[in-house]
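Fold and contact review
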Amino acid sequence: MIKSILVTGANGQLGSEIQALSKAYSQYEFTFTNKDTLDLSNLCKLEDFFDSKSFDIIINCAAYTAVDKAEEDQDKAKILNHKSVNLLSKIAKNRDISLIHISTDYVFDGTSHIPYTEDMKTCPQSVYGQTKLDGENAIIEVNPKNSMIIRTSWVYSSYGNNFVKTMLRLGKERDSLGVIFDQVGTPTYARDLAQVILDAVPKLKNDSVEIYHYSNEGVCSWYDFSKAIFELSHVNCEVNAIETFQYPTPAKRPSYSILNKSKIKKEFEISVPYWKDSLKDCLKIMGEI
């Protein structure tokens, strides 16, 4: 029997990667929505959308991700990252739909010195991080069966706007750039995450919502990341290491965002690519290598 999958936020980085990979998954019937076809911020119409449609799985890639703007636009961030997620959870529970929800390393305060496991204490330092945590808690409280939350970090792709594209643009425009070296984490190639999600779908069998961490393997700073982007794409731009205080932003960023991926690797029997190898793959698709 062919299962039906709804993917929200389909025009974003992760949603676009799922669309690209979906052609290889003929056992599923995909419906891709964006803010024009399914506006998750319109809570009144959200439930109506499901009245005439039937789905087995929801992959919720939609989110308010403008981290700095969220400090001022708190209401919109709360609606998209918390209230709509709460309603999606209730819809999933009432209709026996599995829900896969994407969250973030920003639910942590970034003060750890060991990679964050799923059960470590959360303490968001920004409006974005708090609204994403509120969304997580809403799912856990409603508890739709066969559902999961995946926290990820430093997402990039050949689609959408991201750090890789910004660095490539600036690197070609300028002779030198200052990039932060005292924030460390692991980049996540959205295509790798999309692959993990699609492969996890048939293995979802849990009574309580489970949280998992996923990023690529390895550790780097934003400085290291930008150096690798320029070296692999042969962009001649000098990168100077700067400290966080030299580049102030409205929202506070975690200084340590390394996620422990042991749980997802063990339970779903996956191998995780090294971040620089995945970066190379992405740059090839973008035509930069």
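Located above this text is the structure these notes cover.
Here's what I pulled together on the structure shown here. (Residues numbered from 1 in each chain as written. Predicted model: local features only at pLDDT ≥ 70, side-chain atom pairs only at ≥ 80, totals over all residues. Heavy atoms only, no water.)

1. Topic: the overall build of the protein chain
In terms of helices and strands, the protein chain carries nine helices and 12 strands. For 289 residues, the compact-globule estimate of 2.2 N^0.38 gives 19 Å, and the protein chain sits close to it at 19 Å. When the backbone C-alpha atoms are referred to their principal axes, the protein chain occupies close to 55 × 40 × 35 Å. When the 289 residues of the protein chain are sorted by exposure, 52% land in the buried category. By sequence separation, contacts in the protein chain at least 24 residues apart represent 84% of the contacts at least 6 residues apart. (Helix = DSSP H or I, 4+ residues; strand = E, 2+ residues; numbered from the N terminus. Rg over C-alpha atoms; globule rule 2.2 N^0.38 Å. Buried < 20%, exposed > 50% of the residue type's maximum accessible area, 1.4 Å probe, protein only. Contact = heavy atoms within 4.5 Å.)

2. Considerations on unusual backbone geometry
Of note, the phi angle at N146 is positive, near 55°, even though the residue is not glycine. Inspection of the secondary structure puts N146 in the loop between α4 (127-142) and β5 (148-152). Notably, W154 is not glycine yet its phi reads approximately 50°, a positive angle. Along the chain, W154 turns up in the loop between β5 and β6 (155-156).

3. Regarding the sheet that holds strand β1 (residues 3-8)
Read across the sheet, six strands follow the order β2-β1-β3-β4-β5-β10 without closing on themselves; strand pairing throughout is parallel. Looking at strand neighbours, the two that pair on one side only are β2 (28-32) and β10 (210-213), the edges of this open sheet. Taken over all neighbouring pairs, the strand axes of this sheet differ in orientation by 20° on average, direction set aside. Against the sheet, α4 engages β4 (98-104), β5 and β10, with an angle of about 155° to β4. (Pairing = 2+ DSSP bridges. Axes fitted to C-alpha atoms, helices over the stretch in contact; angles between N-to-C directions.)

4. Description of the packing of aromatic side chains
A full pass over the atoms with the stated rule returns 19 aromatic pairs. Here the aromatic rings of F163 and W222 are separated by 4.7 Å at their centres, their planes lie at 55°, and the arrangement is tilted. Remark: W222 occurs in helix α7 (residues 222-233) and F163 occurs in helix α5 (residues 163-173); sequence separation between them is 59 residues. Taken together, the ring pairs in this structure connect W154, Y156, F163, Y189, W222, F225, Y274 and W275 into an aromatic cluster. When the ring centre of F49 is taken as origin, the NZ or CZ atom of K53, which lies over that ring, is 4.5 Å away. Directly above the ring of Y212 sits K263, whose terminal nitrogen or CZ lies 4.7 Å from the centroid. (Phe/Tyr/Trp six-rings, centres within 6.5 Å; stacked < 30°, edge-to-face > 60°. Lys NZ or Arg CZ within 6 Å of the ring centre and 35° of its normal.)

5. Notes on the environment of N143
By the secondary structure assignment, N143 is in the loop between α4 and β5. Exposure remark for N143: the relative accessible area of 22% places this residue in the partly exposed category. Remark: the alpha-carbon pair of N143 and V209, spanning 66 residues in sequence, is separated by 5.8 Å. In this view, N143 contacts K93, D207, S208 and V209; residues no more than four positions away in its chain are not counted. At a separation of 3.3 Å, a polar atom in the side chain of N143 contacts the main-chain carbonyl oxygen of D207. (Polar contact = N/O pair within 3.5 Å; in protein donor to acceptor, adjacent residues only side chain to side chain.)

6. Let's talk about helix α2 (residues 43-51)
Listing the buried residues of α2 in full gives L46, F49 and F50. Taken end-on, α2 shows its buried residues confined to a sector of 90°, consistent with a single buried face. Counted as exposed and oriented over 90 degrees from the buried face of α2: C44, K45 and D51. Packed against the buried residues of α2 are β1, β3 (57-60) and α3 (74-94). (Arc of directions from axis to C-beta.)

7. Concerning α5
Burial in α5 covers these residues: V164, M167, L168, L170 and G171. Residues of α5 that are buried sit in contact with β6, β7 (176-180), α7 and α9 (275-285).

8. Comments concerning the pattern of salt bridges
Two side chains that carry opposite charge are able to pair once their charged atoms sit near each other. Under the counting rule described, the total for this entry stands at nine salt bridges. With a shortest N-O distance of 3.0 Å, K172 and E288 are connected by a salt bridge. Separated by 116 residues along the polypeptide, K172 in helix α5 and E288 in the segment after α9 bring together distant segments of the chain. For K172, a relative accessible area of 54% puts it in the exposed group. The shortest N-O distance in the salt bridge between E217 and K265 comes to 2.8 Å. Residue E217 is found in the loop between β10 and β11 (220-221), and its partner K265 is found in helix α8 (residues 262-267); the two are separated by 48 residues along the sequence. Taken together, the shared-partner salt bridges connect E217, K261 and K265 into one network. (Salt bridge = Lys/Arg side-chain N within 4 Å of Asp/Glu carboxyl O.)

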